[in-house]
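Read off the chains here:
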Amino acid sequence: QAAARGYALREHIRFVSLSATVIQATFRRQLARSSFLQKKNAATYIQAITRGFFVRDEFELYHFAASEIQRVWRGFAQFCDYFVHIESAVKIQCFLRKHMAIKKSNDLRLAYYVDECFYNRKACFIQRAYRTHLHQRYLEASARIIQKLVRSYIQRRRKTAVSRGVKRLQAVFRAKRIRRRRNKKMSVIVNRLDAANRKARRDPKLRIGYRTRHALKVVQNSKSLADIMDAVKSLETSTRLSQL
């Protein structure tokens, strides 16, 4: 009985010790897993912030390049429009002056003919000459109105172009001032991001688009569960970064 009780007691102590060891191992594994997941989530968040900053910087660069292209093209288009308007105004003025000269010549001829005609027809010729004069004055007033409208339109276009140029210069100056005010730490981060960007551009496999296409092909064609899980992780990363 003593031997049996001693054996049973030792087995009970060994079972209790083993249970405590298992509980401690489980608790420590849970603590290590929580710490690892916390560090992993922090690293993922830092990577997302960094990549988002880089993407926004690249988008601003593309936006600036597109704005410059639009500015040059709009300046050329405005110059063409201005030249067309000037040529149209000159043609209108030439036509109106020609018409006015012809009318004036006709009026002189009419006045000379009125002076030479008979007395009973002078009233009709005088009325005709007066109506011609009124019509000439109407044409002159119309020409002045057209010139005024064209000049005001050209002035508005010039004012708009100057305003856009001033706004663009202000934006460039403010961007340059902000870049100068960056501290040394931020400059180091930006340089590292530029280096990473150049490396990604040299290696197409590091780009999100290539990884996304490769992951989709793996999901469609692969039969390995590990490859499919890696592809799903790549798709999840691409989706998260594309939302930025």
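The shown structure was predicted, so the numbers you read here are calculated from the model rather than taken from an experiment.

Digging into the side chain of Asp 107
Assignment of secondary structure puts Asp 107 in helix α1 (residues 2–116). Here Asp 107 is buried and forms no salt bridge, its nearest opposite-charge partner Lys 103 lying at an N-O distance of 6.9 Å. Other than its neighbours up to four places away in sequence, Asp 107 contacts Thr 132 and Gln 136.

Details of the environment of Ser 67
Along the chain, Ser 67 falls in helix α1. The spacing of Ser 67 and Phe 53 is 14 residues in sequence and 21 Å in space, taken between C-alpha atoms. In this structure the side chain of Ser 67 is engaged in a polar contact, spanning 3.4 Å, whose partner is the side chain of Arg 168.

A few points about a positive patch on the surface
A contiguous patch of positive charge on the surface is contributed by Lys 176, Arg 179, Arg 180 and Arg 182. Among the secondary structure elements, Arg 179 is positioned in helix α2 (residues 122–180).

What counts as what
Residues numbered from 1 in each chain as written. Predicted model: local features only at pLDDT ≥ 70, side-chain atom pairs only at ≥ 80, totals over all residues. Heavy atoms only, no water. Helix = DSSP H or I, 4+ residues; strand = E, 2+ residues; numbered from the N terminus. Buried < 20%, exposed > 50% of the residue type's maximum accessible area, 1.4 Å probe, protein only. Lys, Arg positive; Asp, Glu negative; His and termini not counted. Salt bridge = Lys/Arg side-chain N within 4 Å of Asp/Glu carboxyl O. Contact = heavy atoms within 4.5 Å. Polar contact = N/O pair within 3.5 Å; in protein donor to acceptor, adjacent residues only side chain to side chain. Patch = residues over 30% accessible without salt bridge, like charges linked within 9 Å, V, L, I, M, F, W, Y side chains within 5 Å. Areas by Shrake-Rupley, 256 points an atom, 1.4 Å probe, with all protein chains shown as cover. Charge placed at Lys NZ, Arg CZ, Asp CG, Glu CD.

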